[in-house]
Structure formats: structure tokens, C-alpha cells
Amino acid sequence: STVLSLSMTGCPKALVDRIPPEDAASFSDSAMASVFADLFEKDQEKITVSDLASIECFEIMTYSETNTVTIALEGYLDCIEQDSDDYEQYVKTVDITGKVFSNYDDFKYLTGLRQFSAIYTSFPNYDFLSECKELEKFSTSANYECHDYSILASLPNLKSVSITEGSIDDLSFFSEMPGITELSLDQMI
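About the thresholds
- Residues numbered from 1 in each chain as written.
- Predicted model: local features only at pLDDT ≥ 70, side-chain atom pairs only at ≥ 80, totals over all residues.
- Heavy atoms only, no water.
- Phe/Tyr/Trp six-rings, centres within 6.5 Å; stacked < 30°, edge-to-face > 60°.
- Buried < 20%, exposed > 50% of the residue type's maximum accessible area, 1.4 Å probe, protein only.
- Helix = DSSP H or I, 4+ residues; strand = E, 2+ residues; numbered from the N terminus.
- Patch = residues over 30% accessible without salt bridge, like charges linked within 9 Å, V, L, I, M, F, W, Y side chains within 5 Å.
- Areas by Shrake-Rupley, 256 points an atom, 1.4 Å probe, with all protein chains shown as cover.
- Salt bridge = Lys/Arg side-chain N within 4 Å of Asp/Glu carboxyl O.
- Lys, Arg positive; Asp, Glu negative; His and termini not counted.
- Charge placed at Lys NZ, Arg CZ, Asp CG, Glu CD.
- Core = buried A, V, L, I, M, F, W, Y, C linked by side-chain atoms within 4.5 Å.
- Contact = heavy atoms within 4.5 Å.
- Pairing = 2+ DSSP bridges.
- Axes fitted to C-alpha atoms, helices over the stretch in contact; angles between N-to-C directions.
- pLDDT = per-residue confidence, 0-100.
- Polar contact = N/O pair within 3.5 Å; in protein donor to acceptor, adjacent residues only side chain to side chain.

1. Some thoughts on the packing of aromatic side chains
(1) Moving on: If you walk through the whole model with that rule in mind, you get 22 aromatic pairs.
(2) Moving on: Between the aromatic rings of Phe-107 and Phe-116, the centroid separation amounts to 6.0 Å while the plane-to-plane angle is 75°, which identifies the pairing as edge-to-face.
(3) Moving on: Look at Phe-107 and you get buried, because its relative accessible area is 1%.
(4) Moving on: Among the residues examined, Phe-116 registers a relative accessible area of 2% and is labelled buried.
(5) Moving on: A centroid spacing of 5.9 Å and a plane angle of 70° characterise the contact between Phe-116 and Phe-128, whose relative ring orientation is edge-to-face. One end of the pair, Phe-116, is in strand 4 (residues 115-119); the other, Phe-128, is in the loop between strand 4 and strand 5 (137-141), and 12 residues separate them in sequence.
(6) Moving on: The class of Phe-128 is buried, set by a relative accessible area of 12%.

Spelled out as C-alpha cells, the structure:
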């Protein structure tokens, strides 16, 4: 009788699916990781830094029964600028009802972010945008918790700021933002 012994230490498919360590995203908030997994339609362990850097626009809305995160991927803004109807292929929305975010530190991966919008949120500040150096447009509406928007002065490409239904304790940081071409402060308390 002959005994055959076979040992495999790896599976070729597993090697194909492996993410290089330098491109692996390590999430600090499991709810945010879950949202990105839904948006990219893949397991959160397979989401890469490159995936997250491809997000051009991020909108979060928490209003009554409408609780969503919408992203637009790289190429979206070019479609809009060219007045193309193909923009929908770049847009994805997920329902975030019931999700509680402990922090927004994972925004450090959104290095390609050009537009940010928050509607009916209660962020105490927007410091989590500090690594989003490509940000051109910032918009928030109905956030009564934040009174300090000075982080916006550290975003070198910011051209448009719109804050509606909120308050700002100190406006002096706007003097440090010579690149602003659009500024809207509406219904401030």
C-alpha cells in the first residue's frame, strides 16, 4: 500500500485577492467601515486606501426617515462639468438608519475628496476633514452643535463654503482663506 501526503500552504485564489499591506484600509469605526462596505459592495476587509481615495463627493443626511450617505466616485465631477448624463454611474447611496458612528477618523483615507455636504447632522466639529486637502466645496445645513469651523482654513483648495442654519463663534479664520470665491452664511443664530 502506498501513502500519499500532500501539503498546501496557500491557495492561488487567496493570493490573487490579497491586498498589498500599504493599500489596506484599517478602519477605526466599525459603523463607518460597514457603510463603505455597502457603498463599494465588498467586504470591509477588501476595501483599499485607493478605493477610499477615489471618492470625490461625500454627502451625509440624517433627517427624520431619510438617513443616507451618498458618495460620488472619481469621474463624477468631470461628467457634471461636461453636462453629461453618464454621471449616475459614479453615484452610490446607502441607508444609514440605525448606524451610530463613534468617530469620523476614517476620513483620513478620503484624500481625493473634493466636495463634502452634511445635512441635519450634529458634528461637534469638522476636524476629521483635516486630511482632505483636495476639498473644494464644503456645505452644511442645520448643524446646531458645531460653533467652530476654523479647520476649514487648513484646506488649501477650498473655494466654496456654505453654512446654513447654524452658528459660528469666531469668523476670523475666514481672513486666512484668500482662495474662497463663494461664501454663504444663511439663517445663522
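2. A few points about a negative patch on the surface
(1) Moving on: A cluster of acidic side chains, namely Asp-83, Asp-85, Asp-86 and Glu-88, defines a negative patch on the protein surface.
(2) Moving on: Its location among the elements puts Asp-86 in the loop between helix 4 (76-81) and strand 3 (91-95).

3. Some remarks on the nonpolar core
(1) Moving on: Within the largest apolar cluster, 48 residues are counted, with the highest numbers of intra-cluster contacts made by Phe-36, Phe-107, Phe-116 and Tyr-126.
(2) Moving on: Taken together, the elements giving at least two residues each to this core come down to helix 2 (30-40), strand 1 (55-63), strand 2 (66-73), strand 4 and strand 6 (160-164).
(3) Moving on: Sorting elements by how many residues they give to this core places helix 2 first, with 8 residues.
(4) Moving on: The contact partners of Tyr-126, leaving out residues within four places of it in the chain, are Phe-116, Ala-118, Thr-121, Phe-138, Thr-140, Asn-143, Cys-146, Tyr-149 and Ile-151.

4. With respect to the sheet that holds strand 6
(1) Moving on: Strand order in the open sheet formed by 7 strands is 3-2-1-4-5-6-7, and the pairing between neighbours is mixed. Taken across any chain shown, the strands that pair with only one partner, and hence form the sheet edges, are strand 3 and strand 7 (182-186). For this sheet the average axis-to-axis angle between neighbouring strands, irrespective of direction, equals 5°.
(2) Moving on: The pairing of strand 5 with strand 6 spans 5 bridges and is classified as parallel. Bridging from a neighbouring strand, Ser-139 pairs with Ser-162 of strand 6.

5. With respect to the pattern of salt bridges
Any two side chains of opposite charge can pair, given that their charged atoms come close.
(1) Moving on: The final tally for this structure, using the stated rule, is 4 salt bridges.
(2) Moving on: Where Glu-56 meets Arg-114, a salt bridge forms, and the shortest distance between an N and an O atom there is 3.5 Å. Here Arg-114 lies in the loop between strand 3 and strand 4 and Glu-56 lies in strand 1, a separation of 58 residues in the sequence.
(3) Moving on: For Glu-56, a relative accessible area of 6% corresponds to the buried category.
(4) Moving on: Overall, Arg-114 belongs to the buried group, its relative accessible area being 18%.
(5) Moving on: Each of Glu-56, Glu-81, Arg-114 and Glu-136 takes part in one network of salt bridges that share partners.

6. Observations concerning the confidence of the model for the protein chain
Do not read the predicted coordinates in detail wherever pLDDT is low.
(1) Moving on: When the pLDDT values of the protein chain are averaged, the result is 88; 91% of them are 70 or greater.
(2) Moving on: Counting interchain partners and residues more than four positions distant, the pLDDT-below-50 stretch residues 1-16 has 0 contacts.

7. Some points on helix 2
Side chains that are three or four residues apart share a direction in an α-helix, a result of its 3.6 residues per turn.
(1) Moving on: Counting buried positions over the 11 residues of helix 2 gives 8, a clear majority of the element.
(2) Moving on: For helix 2, the full list of buried residues reads Ala-31, Met-32, Ala-33, Val-35, Phe-36, Ala-37, Leu-39 and Phe-40.
(3) Moving on: Looking at the buried positions of helix 2, the neighbouring elements they touch are helix 3 (49-53), strand 1, strand 2 and strand 3.
(4) Moving on: Where helix 2 starts, the residue carrying a side-chain oxygen 3.2 Å from the main-chain nitrogen of Ala-31 turns out to be Asp-29.
(5) Moving on: Once helix 2 finishes, Glu-41 follows within two positions and takes phi at roughly 55°, a positive value.

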